[in-house]
Amino acid sequence: MSILTSNRYLESLLAGRPQLPAAFASPALAWLNRLRADAVDRVGALTVPTTRDEEWRFTDISPLTRISFQPARSAPRLELADIESFDVPEAAARLTFVDGVYAPQLSFNRAGVVVENLASGVNQHGATLEAHLGRYAEFQHNAFAALNTAFLQDGALIVVPRNAAVAAPVHLLFVAARQDVAAYPRCLVVAEAGSEVTVVEDSVALQDEAYFNNAVTEIAVGDGARVRHVRVQRDSGKAFHIANCAVTLAHASRYQSVSVALGARISRYNLNVLQAAEGIECAIDGLALIADRQLADTHTSIDHAKPHGISRQLHKCIVGGAAHAVFNGKIMVRPGAQFTDSSQSSRNLLLTGKAHVDTKPQLEIFADDVKCAHGATVGQLDAEEVFYLMSRGLADAAARNLLTYAFGAEIIDRIPIASLRHRLEQTVLEQTHRES
Amino acid sequence: MIYQDSKTLLEVRGLCATVNGIEILKGINVTVRTGEVHAIMGPNGSGKSTFAKLLAGHPAYALTGGTVAFEGRNLLELAPEERARAGIFLGFQYPIEIPGVANSQFLRLAYNTLQTQRGKDELDPLEFDDFVREKMKLLEMNPDFLDRSVNEGFSGGEKKRNEILQMALLEPKLAILDETDSGLDIDALRVVAGGVNQLATRDNAIVLVTHYQRLLNYIVPDYVHVMDGGRIIKTGGKELAVELETRGYDWVSAEYETIARATA
């Protein structure tokens, strides 16, 4: 693809940009409109990445450019019954977006903190938004983040005030209802000092067709605050899913993330976590369970900028069919970030001869008194384990299913929400059955 | 116990096997009848664990000769799970850890799989919970082990108890216990052996594979076989085990070689 056609594709996506909502017209929101305008400019200057870009070496995104996607002007009206199967009963709040458009009738908030549509909260929470929105998710060199920012309108805004703890999770549900739609989910989570919240980003489909989700999430975790972040990508098998998430962590804060990728023909998740102060702890776990001709690419970066930071990461891929999983895990330890304690493990299970994984730990260490452990394994199911189960009467396929399930369950077990954990375990069990 | 009206369960004739092209078993002959307890002893590398795993269908071994009949059926053409369903149980020397699968889930799956095969009803999780807790008492196991992942973080003794628990649930006709005593302290050994003794009936049989005589103080064998170099070189009663404990294995090998030379 030439640069010209590549850029033309981005321009074509941009062409469908809806009119600016009236709420954005206020002079107080000039910064927001500038942000959008900057993003539009960047889209004009950037191109769709190719496998010649180091960051996209293993992921050929060109199939995306063969389909013309347009944003939804309005969302189809859905009833609660339509999304019942995605319900998280524990949730204190839910924001639902259908094809990228906020659906108030499918949303509620009993969390006692700000959980609302960005477009409606933009005036009331202008100062908070201005301090955080677009500050963490870099779009100068990232065409997809730029596109998302150019479309800034509906999105999730969560603000947890100082020392407030929201015990029950906040569920952000992104529903894909129609084909050929491009949606630009946007989330901003601001957890002020000493606060605590659990956020679930959940991408689901009511269809099997092609569509394009291009998401950006920004999470600012204040001093001593704690955020648990669950991300579930269960898009349709023909969908394209690209997501950028930027997390910035303040002094002695905690961030725990579990992301699970099950769907999409091609998915890419960039998670960038910045330990911007001392004494921070983060745990970042991921699971990609893919089959057929799916591609799931996870790029994470944990930036230890200050001393006494701890990070722990376990990423697993279960790859069946002729699917392709990619993991790139960057750990950066900046000069002066002494006493960093970091461990990273990438474990991959290939179920077939045609399954493929590219895994790359990337450590860049510029401090001398640190502990950084990393490891990667790629393998098939262990023959001794299979034999053990068969010697107990399980057929070969059943034994393999159980072991595959167990491999994935280790990550799913880390999701702090019982109903979601249970549902995903069922999904994994069904998917592994399908594989065999 | 040797009974007059016992039935032949297992009949092994001239069994030969290799692993990675190396001959490990060089013509094993043994017959096991219902009600009996057999001990297979021998030094390390004598082939006794190989023999145990081979009976359970371990895929690493290539059969090069001989026959194995189990209740008259050709055991060697059955897949491992079919052997389990036919009533063969192998207690592993090194039970496998399966992180991510709750022990209760695994035990119930194994139990229900065999129940279905035997044309009996499956147990739902609640029914199974009651059932398995009863069986755990036999082995003085803490019910907490149901909620933990299979064997993960279990001590050596806990793993072996979990093996015998599976035997108690699956009620095999022939239980082959591979080095069940290894890694057990004396209290655990007593408990595990007590469990095995309670599971022994006149309709099933037990084959103990062990390096040491110590286990046989608790589970008294009817026959003791000494394996060396891939063959059973001597068979005797329980007193043979005691003799091995005091005299070691060398004299048996020497005796076998003398006889072999004399008959050559």
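Residues numbered from 1 in each chain as written. Chains lettered and ligands numbered in written order. Predicted model: local features only at pLDDT ≥ 70, side-chain atom pairs only at ≥ 80, totals over all residues.

(A) Quick peek at the overall build of chain B. The helix and strand inventory of chain B stands at eight helices and twelve strands. A globule of 264 residues ought to have a C-alpha radius of gyration of about 18 Å, and chain B, at 19 Å, matches this closely. Dimensions of chain B, computed from C-alpha atoms along their principal axes, come out at roughly 65 × 40 × 40 Å. (Helix = DSSP H or I, 4+ residues; strand = E, 2+ residues; numbered from the N terminus. Rg over C-alpha atoms; globule rule 2.2 N^0.38 Å.)

(B) Representation of the overall build of chain A within the structure. The secondary structure content of chain A amounts to nine helices and 22 strands. Over its C-alpha atoms chain A spans a radius of gyration of 21 Å, differing by no more than 12% from the 22 Å that the globule rule assigns to 436 residues. Along the longest, intermediate and shortest principal axes, the C-alpha atoms of chain A span 70 × 50 × 50 Å. Counted over contacts in chain A with a minimum sequence separation of 6, partners at least 24 positions apart contribute 82%. (Contact = placed C-beta atoms within 7 Å.)

(C) Helix H8 (residues 250-263) of chain B, seen in detail. Here H8(B) spans 20 Å end to end across 14 residues, near enough to the 20 Å set by a 1.5 Å rise per residue. Across the 14 residues that make up H8(B), only a small minority, one, are buried. (Expected span 1.5 Å × (residues − 1). Buried ≥ 20, exposed ≤ 12 C-beta atoms within 10 Å, placed from the backbone.)

(D) Spotlight on the packing of helix H5 (residues 156-170) of chain B against helix H6 (residues 186-199) of chain B. Residues and elements named next belong to chain B. Contact geometry for H5 and H6: axes closest at 10 Å, N-to-C directions at 5 degrees. Classified by the angle their axes make, H5 and H6 are roughly parallel. Between H5 and H6, the residues in contact are Gly157, Lys160, Arg161, Ile164, Met167 and Ala168 and Ala188, Val192, Gly195, Val196 and Leu199, respectively. In terms of residue class, the contact of H5 with H6 is made up of seven nonpolar, two polar and two charged. (Axes fitted to C-alpha atoms, helices over the stretch in contact; angles between N-to-C directions. Parallel < 35°, antiparallel > 145°, perpendicular 65-115°, else oblique. Nonpolar A, V, L, I, M, F, W, Y, C, P; charged D, E, K, R; others polar.)

(E) View of the pairing of strand E15 (residues 266-275) of chain A. Residues and elements named next belong to chain A. Of all ten residues in E15, nine are buried; the element is thus mostly enclosed. Bridge count between strand E13 (residues 240-249) and E15: ten bridges; the pairing is parallel. Considered in E15, the bridge of isoleucine 242 is made with arginine 268. Sheet topology note: the E15/strand E17 (residues 295-304) ladder contains ten bridges and is parallel. Residue leucine 274 lies in a different strand from E17, and its bridge partner there is aspartate 303. (Pairing = 2+ DSSP bridges.)

(F) Inspection of the packing of helix H3 (residues 103-117) of chain B against H5(B) at higher detail. Residues and elements named next belong to chain B. Direction vectors running N to C along H3 and H5 enclose 30 degrees, while the axes themselves pass 10 Å from each other. Our classification of the angle between H3 and H5 gives roughly parallel. Note that H3 runs across H5; the crossing there is right-handed. Every residue of H5 that contacts H3 at Leu107, Ala110, Tyr111 and Leu114 is listed here: Gln166, Leu169 and Leu170. Of the residues belonging to the contact of H3 with H5, the class tally is six nonpolar, one polar and no charged. (Left-handed = near helix turned anticlockwise from the far one by under 90°.)

(G) Region of interest: the interface of chain B and chain A. Counting from both sides, the interface comprises 20 residues of chain B and, opposite them, 17 residues of chain A. Of all elements in the fold, only helix H2 (80-86), strand E7 (98-102) and H3 of chain B reach the threshold of two or more residues within the side of chain B that touches chain A. For the side of chain B that touches chain A, the element with the most residues is H3(B), which contributes five residues. Taken together, the residues of the side of chain B that touches chain A break down into 13 nonpolar, five polar and two charged.

(H) Local environment of the sheet that holds strand E1 (residues 8-19) of chain B. Residue and element names in this part refer to chain B. If you walk across this open sheet you meet the four strands as E2-E1-E4-E5, and the pairing is antiparallel. Strands with a single pairing partner mark the edges of an open sheet, and in this sheet they are strand E2 (22-33) and strand E5 (73-74). With seven bridges joining them, E1 and strand E4 (residues 62-70) adopt antiparallel strand pairing. When the sheet's bridge partners are listed, cysteine 16 is paired in E4 with glycine 65. Its contacts with the sheet put helix H1 (residues 48-56) on E1, E2 and E4, and the angle it makes with E2 is roughly 70 degrees.

(I) Quick peek at the nonpolar core. Of all hydrophobic cores here, the largest spans 220 residues; its most connected members are A:Ile158, A:Val170, A:Val221, A:Ala325 and B:Ile176. Broken down by element, the residue count for this core peaks at nine residues, all from helix H8 (residues 396-412) of chain A. Of the residues that make up this core, three or more belong to each of domain 1 (3-277) and domain 2 (383-436) of chain A. Apart from the residues lying within four places of it in its own chain, the contact partners of A:Ala325 are A:Ala288, A:Ile290, A:Ala296, A:Cys317, A:Val319, A:Asn348 and A:Val357. (Core = buried A, V, L, I, M, F, W, Y, C linked by C-beta atoms within 7 Å. Domains from an automatic or database assignment.)

(J) Spatial organisation of the sheet that holds strand E6 (residues 88-91) of chain B. Residue and element names in this part refer to chain B. Judged by pairing direction, the sheet is mixed, and its six strands sit side by side in the order E6-E9-E10-E3-E11-E12 without closing on themselves. Looking along the sheet, the strands with just one partner apiece sit at the ends: E6 and strand E12 (231-236). Averaged over all adjacent pairs, the angle separating strand axes in this sheet is 20 degrees, with direction ignored. Pairing of strand E11 (residues 223-228) with E12, which is carried by five bridges, proceeds in the antiparallel orientation. Directly across from histidine 225, in E12, lies its bridge partner threonine 235. In the packing of helix H7 (residues 238-247) onto the sheet, contacts are made with strand E3 (37-41), E11 and E12, and the angle to E11 comes to roughly 45 degrees.

(K) Unusual backbone geometry, seen in detail. Notably, A:Asn163 is not glycine yet its phi reads approximately 60 degrees, a positive angle. Residue placement: A:Asn163 occurs in the loop between strand E6 (156-160) and strand E7 (170-176). Phi is positive for B:Glu140, close to 50 degrees, though the residue is something other than glycine. As for its position among the elements, B:Glu140 is in the loop between helix H4 (125-138) and strand E8 (149-150).

(L) Main features of the domain arrangement of chain A. Residue and element names in this part refer to chain A. Looking at the assigned domains, one finds that chain A contains domain 1 (3-277) and domain 2 (383-436). Each of domain 1 and domain 2 was reduced to a C-alpha centroid, and the two centroids are 31 Å apart. At the junction of the two partners, domain 1 supplies twelve residues and domain 2 supplies ten residues. Every element with two or more residues in the side of domain 1 that touches domain 2 is listed here: strand E10 (196-205), strand E12 (226-234) and strand E14 (254-261).

(M) Spatial organisation of the environment of A:Ala398. Among the structural elements, A:Ala398 can be located in helix H8. With 34 residues separating them along the chain, A:Ala398 and A:Thr432 place their C-alpha atoms 9.6 Å apart.

(N) The pairing of E7(A), seen in detail. Residues and elements named next belong to chain A. Within E7, seven of the seven residues are buried, leaving the element largely enclosed by the surrounding structure. Covered by surrounding structure in E7 are Val170, Leu172, Phe174 and Ala176 together with His171, Leu173 and Val175, the residues of both alternating faces. In terms of strand pairing, strand E2 (residues 93-98) meets E7 through six bridges, oriented parallel. Bridge pairing links leucine 95 to leucine 172 in E7. Here seven bridges tie E7 to E10, and the two strands are oriented parallel to one another.

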